[in-house]
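Next come the chains, spelled out residue by residue.
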Amino acid sequence: MRTHSLALLVFTVLGLSACSRPEAPSEPIRAVKLATVSASGLTARQEMAGEVRARQETRMGFRVGGKLVQRPAEVGQRVKAGQLLAQLDASDLALASEAAKAQATAALTQRDLAEADLKRFTDLKAKGFVSGAEIERRQANMDAAEASLKQARAQSAVQGNQAGYTRLLADADGVVVAVDAEVGQVVSAGAPVVRIARDGARDVVFSVPESQLAQVSQGLEAQVRLWAAAEAGPGGYLTGVVREVAASADPATRTYQVKLALPADAAVPLGATAYVSFAQVQGAAVDVIKLPTSALMRGSATDKTNSAVWVFDAASGTVQSRPVQVAGVDGNQVVIASGLKVGEEVVTAGVHVLSPGQKVTRFAAAAQ
C-alpha cells in the first residue's frame, strides 16, 4: 500500500512539472548606432524649374492656302537652310499663273496696236489730214494700254510667286521641334505647319511668381543647374543672365515668364530641364536639427505628420519612441522642426526592430 501511494505521488509531481510553462528567455540587448542631436546651418535656396529653348523659334507657314500633299519634316529632324519642309498642291496656282501670263500677252498686244495707231495719226497730222484732238485721243489710248500692260505683267509676277510659295523651305539651320499639319489637310495662308528651333543661342524659360517679380530684372545673373549636368561648368552650375521679363502675367497661372540667356559656348540640348536660382531670393543661414533619414520610423521624409525617432536614455540604457515634426529634406538628411532637443541621443540604424523600454547598448556615436 505504501509502495502504491509513493508511486502515485511521484507520477503526480512529474505530471505537474510537465504542465508548467518554461521560463521566458530574457530579451536580448541590441547594439544600436546612436547620434547626438545638434544644430547645424541650413541655407534656404529656392530654385525655379525651367526648360531650355532656342532663342529663336520660327513657326513656318505657307504664304498661300491649299491642300498639303507632302511634309518631309519630322519632329527632332535637323534641317538645313533651303531644305524642303512641306509642299501644297500647286495645280490651281499654276493655272492662275498661266492665266496671268496670257493676260499680260493680251495687254502687250493692245499696247502695240495703240502705239501703231498713234504713229499713223501722227503722220496724218503732219500732212494736215487730222486735227490735234485726234492725236490727243490716240495718245490717251496709248497711255491706257501701257498702264494695262504694266498691271498685267505685275499680276503675272504675283501669280508666279504664289505658285512658288507652295514649297515651304527652311530659312535657317535648326531642329524641327513641332509639326502642326498633316498630309491631306487643307491649310490657310499663314497657318503654322512646322516649328523650327534655330541653331545658336539658348535660353532657359521659366516662370516667376508675382511675389518675387520685383527681385528679377534684365541683366541680373543667376545660377543654372541642369538635371543632366554633363555640360555644366565647375560645381555643376552655369551662369546665365536675365534677357527678358514678361510685361504681364499668364492668365492661367498668374506667373511671369522669364527668359535667361545661357553662355554662347554652352552645348545644352533643347528641352532639357534646368533649375534657376538667384542670389537675391536665397534666405539667410539658420541653425536647424538634421538627422539621417534612417533615424525615422512610422513615416518618411515626406510624411510630416506621422514620424517618430527612438530617443536613448543613458541612465536606464533604454530607448523610448518620440514623435517628431519633419520640416523638409536637405540632401540625405531630414530637417526636424520639433520634438527633439540639442544634446539628446537618437538611434540612427535598426529603428524598426526596437520596442519601447528595450535595453540597448551603444554601438557607435557620431555627432550630427
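Residues numbered from 1 in each chain as written. Predicted model: local features only at pLDDT ≥ 70, side-chain atom pairs only at ≥ 80, totals over all residues. Heavy atoms only, no water.

Caption draft 1: Structural detail: the sheet that holds strand β5 (residues 66-70). Taken in spatial order, the 4 strands make up an open sheet running β8-β7-β5-β10, and their pairing is antiparallel. The open sheet has two edge strands, β8 (167-169) and β10 (186-187), and neither has a second partner. Relative to β8, strand β7 (residues 84-88) runs antiparallel, the two being bridged by 3 bridges. Across the sheet, the residue bridging to Ala-86 is Leu-168, located in β8. (Pairing = 2+ DSSP bridges. Helix = DSSP H or I, 4+ residues; strand = E, 2+ residues; numbered from the N terminus.)

Caption draft 2: Just the nonpolar core, in detail. The biggest cluster of nonpolar side chains holds 21 residues, and the ones touching the most others in it are Val-204, Phe-206, Val-224, Leu-260, Val-268, Val-276 and Phe-278. Put simply, the parts of the chain that give this core at least two residues each are β3 (48-54), β12 (202-209), β13 (221-226), β14 (237-245), β15 (255-261) and β16 (273-277). Excluding residues within four positions of it along the chain, Leu-260 makes contact with Arg-202, Asp-203, Val-204, Phe-206, Leu-220, Ala-222, Val-224, Gly-240, Val-241, Val-242, Arg-243 and Val-276. Counting residues in each nonpolar core, the second largest holds 18 residues, with Ala-86, Leu-88, Leu-93 and Val-194 among its members. (Core = buried A, V, L, I, M, F, W, Y, C linked by side-chain atoms within 4.5 Å. Buried < 20%, exposed > 50% of the residue type's maximum accessible area, 1.4 Å probe, protein only. Contact = heavy atoms within 4.5 Å.)

Caption draft 3: Representation of the sheet that holds strand β6 (residues 78-79) within the structure. Spatially, 4 strands are ordered β4-β11-β9-β6 in an open sheet, and the strand pairing comes out antiparallel. The outermost strands of the open sheet, each flanked by one partner alone, are β4 (57-61) and β6. Here 5 bridges tie β4 to strand β11 (residues 192-198), and the two strands are oriented antiparallel to one another. Each residue of the ladder has a partner; that of Gly-61, found in β11, is Pro-192.

Caption draft 4: Highlighting unusual backbone geometry. We note that Arg-254 has phi near 60°; this positive angle belongs to a residue other than glycine. Positionally, Arg-254 belongs in the loop between β14 and β15.

Caption draft 5: Main features of the confidence of the model for the protein chain. The share of residues in the protein chain with pLDDT of 70 or more is 82%, and the mean pLDDT across the chain is 82. Taken element by element, the predicted model of the protein chain shows its lowest mean pLDDT in helix α1 (residues 2-19) (54) and its highest in β7 (95). This model gives residues 300-304 a pLDDT under 50, and the stretch forms 10 contacts once residues within four places in sequence are excluded. (pLDDT = per-residue confidence, 0-100.)

Caption draft 6: Representation of the pattern of salt bridges. Under the counting rule described, the total for this entry stands at 19 salt bridges. The closest approach of N and O atoms between Glu-134 and Arg-138, which form a salt bridge, is 3.1 Å. With a gap of 4 residues between them, Glu-134 and Arg-138 both fall in helix α3 (residues 132-164), about one helical turn apart. A salt bridge links Arg-198 to Asp-171; the nearest nitrogen and oxygen atoms lie 2.8 Å apart. Here the residue Arg-198 occupies a position in strand β11, and Asp-171 occupies one in the loop between β8 and β9 (174-179), the gap between them amounting to 27 residues. On the basis of relative accessible area, Asp-171 is assigned to the partly exposed category, the value being 43%. Through salt bridges that share partners, Asp-117, Arg-120, Glu-134, Arg-137 and Arg-138 make up one connected network. (Salt bridge = Lys/Arg side-chain N within 4 Å of Asp/Glu carboxyl O.)

Caption draft 7: Region of the structure containing α3. With 33 residues, α3 should cover 48 Å at 1.5 Å per step; its first-to-last C-alpha distance of 48 Å lies within 8% of that length. Taken together, the buried positions of α3 are occupied by Ile-135, Arg-138, Met-142, Ala-145, Leu-149, Ala-152, Ser-156 and Gln-159. Buried residues in α3 make contact with α2 (91-126). (Expected span 1.5 Å × (residues − 1).)

Caption draft 8: Structural detail: the packing of α2 against α3. Two elements in contact, α2 and α3, have axes separated by 8 Å at closest approach and are oriented at 165°. Comparing the axis directions of α2 and α3 gives the class roughly antiparallel. In terms of crossing hand, the pair formed by α2 and α3 is left-handed. When its residues are assigned to classes, the contact of α2 with α3 shows 15 nonpolar, 13 polar and 9 charged. (Axes fitted to C-alpha atoms, helices over the stretch in contact; angles between N-to-C directions. Parallel < 35°, antiparallel > 145°, perpendicular 65-115°, else oblique. Left-handed = near helix turned anticlockwise from the far one by under 90°. Nonpolar A, V, L, I, M, F, W, Y, C, P; charged D, E, K, R; others polar.)

Caption draft 9: Geometry of α2. Taking 1.5 Å of rise per residue, the 36 residues of α2 would be expected to cover 52 Å, and the 53 Å separating its terminal C-alpha atoms lies within 8% of that figure. If you check which residues of α2 are buried, you get Leu-93, Ser-97, Ala-100, Ala-104, Ala-107, Arg-111, Ala-114, Asp-117, Leu-118 and Phe-121. Packing partners of the buried residues in α2 comprise α3. Gly-128 occupies a position one or two residues after α2 and carries a positive phi of about 85°.

Caption draft 10: Focus on the pairing of strand β21 (residues 345-349). Within β21, 4 of the 5 residues are buried, leaving the element largely enclosed by the surrounding structure. Pairing geometry for strand β1 (residues 30-36) and β21, over 4 bridges, is antiparallel. Within β21, the residue paired with Lys-33 across the bridge is Ala-349. Inspection of the sheet shows strand β18 (residues 307-313) paired to β21 by 2 bridges, in the antiparallel sense. Across the sheet, residue Phe-312 finds its bridge partner in β21, namely Glu-345.

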